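If you want the building blocks of each chain, they are given just below.
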Amino acid sequence: MTRNERAQQLNEMVTTEDGLNQIAEIFQRECGDTGVHPLGLKYDLMIDQILEAEFPSQPPGHLAT
């Protein structure tokens, strides 16, 4: 699964109450203890952090040799 496919999947989950609960659970599992209660974040921010945990960004210059 690509990052874009995962993002689409997570964004579709926002449309149901069960999906919102699943996003909060995934956030806690994937992102660990961030010091912020997941319900204190907007779901789009949780999705961004989940995607970053599952598909980490490459640091600038990672292709430089």
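Each remark here, short or long, concerns the structure printed above.
My aim in this report is to walk through the structure given alongside it, one point at a time.

Reading guide: rules and limits
- Residues numbered from 1 in each chain as written.
- Predicted model: local features only at pLDDT ≥ 70, side-chain atom pairs only at ≥ 80, totals over all residues.
- Heavy atoms only, no water.
- Buried < 20%, exposed > 50% of the residue type's maximum accessible area, 1.4 Å probe, protein only.
- Helix = DSSP H or I, 4+ residues; strand = E, 2+ residues; numbered from the N terminus.
- Arc of directions from axis to C-beta.
- Axes fitted to C-alpha atoms, helices over the stretch in contact; angles between N-to-C directions.
- Parallel < 35°, antiparallel > 145°, perpendicular 65-115°, else oblique.
- Contact = heavy atoms within 4.5 Å.
- Nonpolar A, V, L, I, M, F, W, Y, C, P; charged D, E, K, R; others polar.

**A few points about helix α1 (residues 3-13)**
- For α1, the set of buried residues is Arg 6, Ala 7, Leu 10 and Met 13. Along the long axis of α1, the arc covered by the buried residues comes to 120°, so they all point the same way. Opposite its buried face, α1 presents the exposed residues Asn 4 and Glu 12, each directed more than 90 degrees away.

**Concerning the packing of α1 against helix α2 (residues 17-31)**
- For the pair α1 and α2, the least separation of the axes is 7 Å and the interaxial angle reads 130°. Taken as axis vectors, α1 and α2 run oblique relative to one another. Residue-level inspection shows Arg 6, Leu 10 and Met 13 of α1 in contact with α2, the latter providing Gly 19, Leu 20, Gln 22, Ile 23 and Ile 26.
- By residue class, the composition of the contact of α1 with α2 is 5 nonpolar, 2 polar and 1 charged.

Interpretation in functional terms is not warranted from these geometric data alone.
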